[in-house]
Amino acid sequence: MSDGVATERRAPGVLGAAVPRKEDDRLLQGDGRFTDDVEPARSLHMAVGRCPFPHARVESIDVAPAVAMPGVHGVFTGVDVAARTEPISVLRPVPGAVHLPFYALAQEVCVFEGQPVVSVIADSRQLAEDAVEAIWIDYEPLDHVTDTLAALEPGAPVLHPRQMDDNLLVANPQHRGDAEKALQGAAAVVEGRFHIGRVSPLPMEPRAIVAEWRPGARELTAHVSTQVPHLVRMQLAESLRLDEGDVRVVTGDVGGGFGLKLGLYPEELLACLHAIDARRPVKWTEDRLEHFRASTHGRESVHEYRVGADAEGNFVAMTDRYTTDLGGQNSPFGSAQLSSIVFSGPYRVEDGEVERRVALTNKTPIGAYRGYGQPEVDLAREVLIDRLARKLEIDPLEIRMRNLLTAEELPWRNAAGAVYDSGDYPRCLQMVADAIDYEGLRAAGRGPGADGRYRGIGFTAFVERTGYASAKFLAKRGSRFGAHESVTLRANRSGGIDLFTGVSTFGQSNETAFAQVCAEVHGIDFDAIRVHAGDTRATPLNTGAFASRTLIAGAGAVRDAALMLRDKTLRIAAGRLEVDVDELEIAGDAVVARADPARRVSLVDVHTAAIVGQGLPEGEEPGLESTAHFEPEDAAYAYGSAAAVVAVDAETGEFEIERFVLAHDSGRIVNPKAVEGQVRGALAQGFGAALTEELRYEADSGQLVNGTMLDYFVPTASDMPRVELLHTEVPSPVTPFGVRGVGETGTIPPGAAVANAICDALAEFDVEISSLPITPESVWRAIRKAGNGGDGLEG
Amino acid sequence: MDEAIEITVTVNGTVHREAVEPRMHAADFLRRVLGLTGTHVGCEQGVCGMCTVLLDGEAVKGCLLLAPQLDGHEVRTVESLAEGGEPAPLQQAFKEAHGLQCGFCTPGMLMTATALKESGRRLDREEIREEMSGVLCRCTGYEGIVNAVDAVINGGARTVAAEAGEEER
Amino acid sequence: MKPAPFEYLRPESVAEAVATLDLYGGMARVLAGGQSLVPMLGMRLMKPSAVVDINGLAEELGRIETRGSETTIGALVRYSDAETSPVISERLPLLTTAIRHIGDRQVRNRGTLGGAVAQSDPTGEVALVALTLGATIVVVGPAGEREVPAEEFFVGSYANVLAAEEMITGLRFGVVPARCAFFERGRKHNDFAVLSLAIAATPEPDGTWHDVRVGMGGVNDRPVLARATMARLEGARWDGATLAEAAGLALEDADPPDDVRASAEYREHLLPIHLRRVLAAMAKEAEHG
């Protein structure tokens with residue numbers, strides 16, 4: 001059906017056009033409705049008291065001084081929470097992992113700095129914070145461990161001794177062929193250990209909730225800033241021991257998510273519990289100090305990677321044994337799971353092994369973050385490929401070209417079982433090489449140039465999994481959501497269509513893209529479609545927006561619903577016009593006869609007829625509404641290549657990214673401006689994590705040392721390197737219209753491309769980079785450590 | 001201690017007389033007391049710039065200003081930009097240049113750019129980036145924002161190629 | 001992140017402000033630009049009983065005045081105003097350049113020079129320039145006015161000699177050397193400095209340099225002068241060997257911190273390299289006119 005639709009369309013090509021976004025007008029005028037903008041009359045405000053230690057036993061809590069304060073309306077401790085709620089459930093469990101109960105307030109022992117211990121509601125946030133300060137909590141600090149690998153050493157303090165004997169939550173090995181044997185027979189093998197720093201997804205809007213409870217109606221309404229309103233509704237119902245029907249989650253505009261707003265957090269549960277007790281609305285908006293400690297972090301992992309090749313540089317095997325840092329608790333999504341799936345990248349590798357280990361540490365829980373393991377493994381693999389190229393004295397572009405899967409070889413099943421659907425991987429790599437004039441630059445030499453700096457070029461090629469393989473795949477892993485998306489279309493009497501989706505709006509341009517698909521398939525004017533997103537009372541039960549899956553699944557649901565709506569619209573019109581259905585089409589605001597456009601009936605009339613049930617053809621039921629659920633047949637693999645050109649000051653380690661070119665393929669593009677925005681935005685986060693951002697814990701105290709906006713280095717407009725974008729558009733055979741996801745692409749290449757460019761610039765000194773972020777200081781240290789003549793570079 | 005302070009402040013052309021708590025910052029005052037929720041709060045640490053408003057015509061961070069300090073001053077917020085429902089040229093430019101995604105930083109960006117435009121300065125793209133660097137955006141990578149501001153203050157969008165040429169000269 | 005309660009006071013004169021500070025005996029804080037104070041209140045790192053807002057005192061504190069070779073900048077002069085002041089760019093170009101490295105436009109529109117000095121951030125640009133150019137800090141308290149040389153004013157990380165009942169009224173600069181340079185490296189655009197350098201000196205026609213002042217930020221618990229460097233450069237021709245030696249001597253006055261921005265070791269590594277380069281650029285520029 002998918003391809004047929006595109007040719008059948010009558011609307012003038014709204015799919016693929018850079019139409020202005022539906023979201024923009026309200027957001028530009030300050031009329032967005034973010035959760036903190038909601039404040040019902042008589043709202044109370046919540047503040048949360050948090051553990052200041054990385055690991056501590058709560059000896060006693062004295063809430064009496066807070067309870068006695070004027071303006072304070074309620075205080076909870078862990079005892080209340082244990083008695084009245086269930087632990088927060090994990091939405092995407094790790095296969096084989098033991099269940100670690102995660103209560104909204106700490107029970108006996110806190111396992112990370114910032115873990116909620118008490119909550120207070122008061123007349124104002126100020127008063128609530130005063131009350132939290134007045135509560136006396138006696139802690140007994142316990143031994144802590146914050147280093148990912150140290151947590152797995154014998155003798156490390158065990159975080160969850162009731163459930164586990166050590167801090168290894170689980171190890172998930174996968175393999176195909178015999179990688180060890182292949183490596184033994186290889187002409188060259190390179191291996192390395194790569195540390196990827198811990199970062200914050202850092203949406204500009206912190207988390208927030210406003211909760212209201214009407215006991216007589218038995219109805220909890222929770223305005224929540226989330227990417228997954230329907231999943232939060234399920235989790236709230238479970239934890240509060242309510243029926244799902246008792247809970248309504250409303251998500252208006254969301255100020256960025258990036259994976260951080262996936263699933264229920266303790267504070268949201270607490271606000272609801274307070275609202276139930278107080279019988280007044282309770283509001284909590286996370287402040288930035290809390291955000292750095294209590295909202296999930298991302299990325300932190302250690303990859304031990306190996307690549308082997310024959311003498312011609314053909315890869316014979318790749319292995320990756322990696323450890324992700326989970327932090328102190330298993331958040332609803334937990335640490336990254338995609339490194340395994342794409343570990344061998346876009347290359348022809350038959351024999352491979354990958355093992356994912358998950359370590360618990362006394363740090364803030366890790367959750368999903370845009371990329372979810374893909375940027376991490378890209379660094380390890382691509383840096384090693386460059387080392388291998390140097391070892392074999394093969395050009396880094398050439399070695400990649402030799403090993404990239406070609407268009408003819410796809411679809412290809414990689415060693416982890418992932419099926420790459422289609423594409424032309426070498427073409428993207430060649431495009432970036434041409435764009436930077438690789439041969440010309442290479443001929444100009446590495447320098448040092450007139451400015452005293454060395455110049456280097458770095459490449460990376462990657463695939464990106466977008467969407468999920470199938471509900472079957474998710475079921476095997478115990479995931480509590482499906483691979484489908486669901487949309488309801490409802491005609492209205494103004495001749496328009498109301499489109500209802502459980503996908504909340506947090507910058508993905510989903511309202512625009514959904515309306516584009518709807519207009520394209522149905523024929524109605526784009527402007528006549530109104531998108532209503534994120535209210536669980538109105539929208540069909542769906543999955544939610546994550547894993548670059550919104551459009552992959554959503555486009556199919558919109559398409560199918562639009563076809564149903566269109567068919568009925570045409571039938572009704574056919575009756576009224578006394579024309580055969582096949583001769584009609586929807587053109588903007590009316591149904592018209594193709595042969596005689598003067599024969600027409602307006603959508604106002606058709607919709608009204610259906611809605612009031614008057615004037616319908618014989619046998620036609622009243623109403624004009626359709627709901628479709630669509631599951632794509634498989635995940636689609638986006639892909640691309642990037643090239644970075646850097647200038648390195650070998651004396652100081654300071655470097656500058658002079659060029660950065662990315663060529664990518666996101667399949668059929670629904671809105672080119674939205675796609676470019678997604679790629680550029682993800683690149684900004686990719687550069688942040690590659691160059692400046694890192695949450696640092698001091699080993700001795702276990703404290704987060706840079707948990708403020710002042711000390712966490714988010715790139716500003718002046719920090720962004722100039723980026724050149726190139727696209728190809730190979731449709732995916734496994735998705736509607738051939739779309740691929742695009743949300744995470746940009747996060748993947750910056751680290752590897754920049755690391756390779758710096759090492760290339762300093763190649764004659766054997767400088768190696770094996771960690772993110774790459775800072776001037778880390779480059780200087782790498783130069784000092786370099787085996788061969790690092791000293792010669794200085795002075 | 002902590003007694004409410006009477007202030008008179010003109011916001012978007014309307015004079016307001018309100019009693020405010022000293023420990024309320026200006027962004028909270030605009031949002032919670034006046035209901036002007038277009039001004040957002042992102043960090044309360046003076047870094048993210050979400051709360052940028054114009055104080056007597058100059059861009060300032062609303063979270064770093066105590067509400068009593070507004071007394072006798074004039075404030076403009078994002079709600080003032082569109083006139084008679086018609087978007088201002090800057091708003092139109094942001095829309096055309098895809099200068100927003102989630103929209104949370106947009107009011108701060110718009111107010112910073114409004115002050116820049118009203119200053120009458122003509123700036124190259126590096127200078128625009130520098131002037132806009134007090135508002136963080138996590139969605140766009142800034143390109144669309146810089147394009148929009150460039151278009152409005154210099155009267156026409158330029159391409160990346162033009163920017164490259166500018167850097168070289 | 002909301003402040004603890006405090007009383008908000010708005011004196012109508014400097015005298016009244018000082019009397020108020022005196023009355024609260026150390027439990028009041030002066031609110032000038034508020035760019036550092038207000039977040040600290042929000043994080044409850046400071047819980048003063050009263051906040052004394054001096055923003056209404058622009059008549060007394062908001063002027064840039066010249067008297068002969070002397071330039072006095074009122075404590076309430078905001079960065080943006082100083083940045084665009086023709087008087088400052090003509091008389092104190094080092095300050096104009098340095099201010100462009102401070103924060104962002106919004107912060108510069110509110111932040112004040114007096115507030116910057118009172119904050120005494122070890123990486124603060126205004127403090128570094130004041131120190132380098134030998135400015136005095138004009139301070140007023142219950143006992144009247146006093147002038148404290150910048151070299152004596154900063155006594156540690158975020159620490160200075162200002163008494164609780166005193167406030168800064170201005171910064172006073174005398175004649176400054178003919179040429180200057182300002183350099184800064186941070187982890188991101190206009191972030192707190194990993195290393196900052198402020199240099200002022202006068203080249204003579206014979207090729208020697210005089211009145212050499214070299215200030216360093218980010219490499220100690222306060223902005224400091226590189227005294228050994230200054231001594232080596234004073235009266236000397238700035239050839240390559242001299243500059244290399246002089247730049248190395250800067251480490252004598254450095255005792256850098258280890259923090260999230262950079263290690264002490266790295267700051268020590270960067271200091272002589274960048275100092276040498278900045279000095280060399282000044283020497284080259286002087287040669288070419």
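Residues numbered from 1 in each chain as written. Chains lettered and ligands numbered in written order. Predicted model: local features only at pLDDT ≥ 70, side-chain atom pairs only at ≥ 80, totals over all residues.

**Some words on the overall build of chain C**
Line of reasoning, step 1. Scanning chain C from terminus to terminus reveals 13 helices and 14 strands.
Line of reasoning, step 2. Scaling as 2.2 N^0.38, a compact globule of 289 residues should have a C-alpha radius of gyration of about 19 Å, and chain C matches this with 19 Å.
Line of reasoning, step 3. If one aligns the C-alpha atoms of chain C with their principal axes, the spans along those axes are about 60 × 45 × 35 Å.
Line of reasoning, step 4. The burial tally for chain C puts 53% of its 289 residues in the buried class.
Line of reasoning, step 5. A sequence separation of at least 24 residues applies to 62% of the contacts in chain C between residues at least 6 apart. (Helix = DSSP H or I, 4+ residues; strand = E, 2+ residues; numbered from the N terminus. Rg over C-alpha atoms; globule rule 2.2 N^0.38 Å. Buried ≥ 20, exposed ≤ 12 C-beta atoms within 10 Å, placed from the backbone. Contact = placed C-beta atoms within 7 Å.)

**Considerations on the overall build of chain A**
Line of reasoning, step 1. A tally of helices and strands in chain A yields 22 helices and 29 strands.
Line of reasoning, step 2. For 795 residues, the compact-globule estimate of 2.2 N^0.38 gives 28 Å, and the C-alpha radius of gyration of chain A, at 28 Å, lies within 12% of that figure.
Line of reasoning, step 3. With respect to the principal axes defined by its C-alpha atoms, chain A has extents near 90 × 75 × 50 Å.
Line of reasoning, step 4. Relative to all contacts within chain A whose residues are 6 or more apart in sequence, the contacts with residues 24 or more apart total 80%.

**Focus: the sheet that holds strand E2 (residues 28–31) of chain C**
One key point about sheets: their strands pair by backbone hydrogen bonds, in either a parallel or an antiparallel sense.
All names here are of chain C.
Line of reasoning, step 1. Reading across the sheet, the 3 strands line up as E1-E3-E2 and stay open at both edges, with parallel pairing between neighbours. One side of each edge strand has no neighbouring strand; the edge strands of this open sheet are strand E1 (7–9) and E2. Strand-to-strand twist in this sheet, taken as the mean axis angle between neighbours without regard to direction, amounts to 25°.
Line of reasoning, step 2. As judged from the 3 bridges shared by E1 and strand E3 (residues 50–53), these two strands associate in the parallel manner. Bridge pairing in E3 links Leu 9 to Val 52.
Line of reasoning, step 3. Where helix H1 (residues 14–24) meets the sheet, it contacts E1, E2 and E3, and its direction lies at approximately 170° from that of E3. (Pairing = 2+ DSSP bridges. Axes fitted to C-alpha atoms, helices over the stretch in contact; angles between N-to-C directions.)

**Thoughts on helix H5 (residues 125–134) of chain A**
Helical periodicity: at 3.6 residues per turn, an α-helix aligns residues three or four positions apart in one direction.
All names here are of chain A.
Line of reasoning, step 1. Counting buried residues in H5 gives 8 out of 10 residues, a clear majority hidden from the surface.
Line of reasoning, step 2. All of the buried residues along H5 are Arg 125, Gln 126, Leu 127, Ala 128, Glu 129, Asp 130, Ala 131 and Val 132.
Line of reasoning, step 3. As for H5, its buried residues are in contact with strand E1 (44–50), helix H3 (64–67), strand E3 (72–77) and strand E5 (116–122).

**Some thoughts on the interface of chain A and chain C**
Line of reasoning, step 1. Residue-level contacts link 21 residues of chain A with 15 residues of chain C.
Line of reasoning, step 2. Among the secondary structure elements, those contributing two or more residues to the side of chain A that touches chain C are H5, helix H9 (288–294) and helix H21 (776–785) of chain A.
Line of reasoning, step 3. Of the residues forming the side of chain A that touches chain C, the biggest block, 4 residues, is contributed by H5 of chain A.
Line of reasoning, step 4. Looking at side-chain class alone, the side of chain A that touches chain C contains 5 nonpolar, 6 polar and 10 charged residues. (Nonpolar A, V, L, I, M, F, W, Y, C, P; charged D, E, K, R; others polar.)

**Considering the interface of chain B and chain A**
Line of reasoning, step 1. With 43 residues of chain B at the interface, the matching set in chain A holds 43 residues.
Line of reasoning, step 2. Every element with two or more residues in the side of chain B that touches chain A is listed here: helix H2 (89–96), helix H3 (106–118), helix H4 (125–132), helix H5 (143–154) and helix H6 (160–168) of chain B.
Line of reasoning, step 3. Here the side of chain B that touches chain A gets 4 residues from one element, more than from any other, and that element is H5 of chain B.

**Details of the pairing of strand E1 (residues 5–11) of chain B**
On any regular strand, side chains alternate: one points to one face of the sheet, the next to the other face.
Residues and elements named next belong to chain B.
Line of reasoning, step 1. In terms of strand pairing, E1 meets strand E2 (residues 14–20) through 7 bridges, oriented antiparallel. In the sheet register, Ile 7 faces E2, and the bridge partner there is Glu 18.
Line of reasoning, step 2. Hairpin geometry of E1 and E2 is characterised by an intervening segment of 2 residues between the two adjacent antiparallel strands and by a positive phi of about 50° at Asn 12.
Line of reasoning, step 3. Direction of pairing for E1 relative to strand E5 (residues 74–76): parallel, over a ladder of 2 bridges.

**Comments concerning unusual backbone geometry**
Line of reasoning, step 1. Omega for the peptide link from Gly 447 of chain A to Pro 448 of chain A comes to 10°, which places this bond in the cis form.
Line of reasoning, step 2. Here Leu 772 of chain A and Pro 773 of chain A are connected by a cis peptide whose omega angle stands at 5°.
Line of reasoning, step 3. Mapped onto the elements, Pro 773 of chain A comes out in the loop between strand E29 (771–772) and H21.
Line of reasoning, step 4. Unlike most non-glycine residues, His 98 of chain B shows phi in positive territory, near 55°.
Line of reasoning, step 5. Examined against the element boundaries, His 98 of chain B turns out to sit in the loop between H2 and H3.

**Focus on the sheet that holds strand E6 (residues 136–141) of chain A**
Residue and element names in this part refer to chain A.
Line of reasoning, step 1. One open sheet accounts for 3 strands, arranged E4-E2-E6; its pairing is antiparallel. Edge positions in the open sheet fall to strand E4 (109–110) and E6, since each of these has one partner strand only.
Line of reasoning, step 2. The pairing of strand E2 (residues 56–62) with E6 spans 6 bridges and is classified as antiparallel. If you follow Ser 60 over to E6, its bridge partner there is Asp 138.

**Focus: the pairing of strand E23 (residues 590–593) of chain A**
All names here are of chain A.
Line of reasoning, step 1. With 4 bridges joining them, strand E22 (residues 584–587) and E23 adopt antiparallel strand pairing. Within E23, the residue paired with Leu 584 across the bridge is Ala 593.
Line of reasoning, step 2. With antiparallel pairing between neighbouring strands as the criterion, E22 and E23 make up a hairpin whose turn holds 2 residues, including Gly 588 at a positive phi of roughly 75°.
Line of reasoning, step 3. Counted between consecutive antiparallel strands, the loop separating E23 from strand E24 (residues 600–602) contains 6 residues.

**Notes on the nonpolar core**
Considering soluble globular proteins, one finds that nonpolar side chains tend to be buried as a cluster.
Residue and element names in this part refer to chain A.
Line of reasoning, step 1. The biggest cluster of nonpolar side chains holds 410 residues, and the ones touching the most others in it are Val 120, Cys 518, Ala 643, Val 646 and Ile 758.
Line of reasoning, step 2. Looking at this core, the element that brings in the most residues is helix H17 (residues 550–577), giving 14 residues.
Line of reasoning, step 3. Residue contacts for Cys 518: discarding those within four places in its chain leaves Leu 489, Ile 497, Leu 499, Ile 529, Val 558 and Ala 562. (Core = buried A, V, L, I, M, F, W, Y, C linked by C-beta atoms within 7 Å.)

**Side note on the environment of Arg 453 of chain A**
Residues and elements named next belong to chain A.
Line of reasoning, step 1. Within the element layout of this structure, Arg 453 appears in the loop between helix H14 (438–444) and strand E18 (454–466).
Line of reasoning, step 2. Judged by the 21 C-beta atoms lying within 10 Å of it, Arg 453 is buried.
Line of reasoning, step 3. Between the C-alpha atom of Arg 453 and that of Ser 60, which follows or precedes it by 393 residues, the distance is 60 Å.
Line of reasoning, step 4. What Arg 453 contacts, discounting residues up to four positions off in sequence, is Gly 447, Pro 448, Ala 647, Val 648 and Asp 649.

**Looking at the packing of helix H11 (residues 374–392) of chain A against helix H12 (residues 396–403) of chain A**
Residue and element names in this part refer to chain A.
Line of reasoning, step 1. The interhelical angle for the contact between H11 and H12, taken along N-to-C directions, is 110°, at an axis separation of 9 Å. Relative to H12, H11 is oriented roughly perpendicular. Here the hand of the crossing between H11 and H12 comes out right-handed. From H11, Ile 385, Asp 386, Leu 388 and Ala 389 reach across to H12, where they touch Pro 396, Ile 399 and Arg 400. (Parallel < 35°, antiparallel > 145°, perpendicular 65-115°, else oblique. Left-handed = near helix turned anticlockwise from the far one by under 90°.)

**A word on the environment of Ala 690 of chain A**
All names here are of chain A.
Line of reasoning, step 1. Within the secondary structure, Ala 690 is located in helix H19 (residues 672–692).
Line of reasoning, step 2. For Ala 690, a count of 28 C-beta atoms within 10 Å puts it in the buried group.
Line of reasoning, step 3. Taking the C-alpha atoms as reference points, Ala 690 and Leu 563, 127 residues apart in sequence, are found 45 Å from one another.
Line of reasoning, step 4. Among residues more than four places away in sequence, those in contact with Ala 690 are Pro 750, Gly 751, Val 754, Leu 772, Pro 773 and Ile 774.

**Digging into the packing of H2 of chain B against H5 of chain B**
Two quantities define a packed helix pair, namely the angle between the axes and the distance from one axis to the other.
All names here are of chain B.
Line of reasoning, step 1. Relative orientation of the contacting elements H2 and H5 amounts to 140°, with a least axis distance of 8 Å. In terms of axis orientation, H2 runs oblique to H5. Crossing angle aside, the handedness with which H2 passes H5 is right-handed. Taking contact as the criterion, the partners of Pro 89, Leu 90, Ala 93 and Phe 94 in H2 are, on H5, Ala 148, Ala 151 and Val 152.
Line of reasoning, step 2. The class makeup of the residues in the contact of H2 with H5 is 7 nonpolar, no polar and no charged.

**Quick look at the confidence of the model for chain A**
Residue and element names in this part refer to chain A.
Line of reasoning, step 1. Per-residue confidence for chain A gives a mean pLDDT of 95; residues scoring 70 or more make up 97%.
Line of reasoning, step 2. Confidence drops under a pLDDT of 50 for residues 1–11, and excluding neighbours within four residues, the segment shows 14 contacts in the predicted structure.
Line of reasoning, step 3. Contacts of residues 788–795 to residues separated by more than four positions or lying in other chains number 12 contacts, the stretch itself having pLDDT below 50. (pLDDT = per-residue confidence, 0-100.)

**Some points on H3 of chain B**
Line of reasoning, step 1. Across its 13 residues, H3 of chain B extends 18 Å between first and last C-alpha, which sits within 8% of the 18 Å expected from 1.5 Å per residue.
Line of reasoning, step 2. For H3 of chain B, every residue scored as buried is listed here: Thr 106, Pro 107, Gly 108, Met 109, Leu 110, Met 111, Thr 112, Ala 113, Thr 114, Ala 115 and Leu 116 of chain B. (Expected span 1.5 Å × (residues − 1).)

**Description of the confidence of the model for chain C**
Line of reasoning, step 1. Per-residue pLDDT for chain C averages 97, and the proportion of residues at 70 or more is 100%.
Line of reasoning, step 2. Scored by ipTM, the complex comes to 0.97, with pTM at 0.96.

**What to know about the environment of Gly 688 of chain A**
Residue and element names in this part refer to chain A.
Line of reasoning, step 1. Inspection of the secondary structure puts Gly 688 in helix H19.
Line of reasoning, step 2. A count of 25 C-beta atoms within 10 Å places Gly 688 in the buried class.
Line of reasoning, step 3. For the pair formed by Gly 688 and Thr 716, sequence separation is 28 residues and the distance between their alpha carbons is 9.6 Å.
Line of reasoning, step 4. Residues within four places of Gly 688 in sequence aside, it is in contact with Glu 693, Val 714 and Pro 715.

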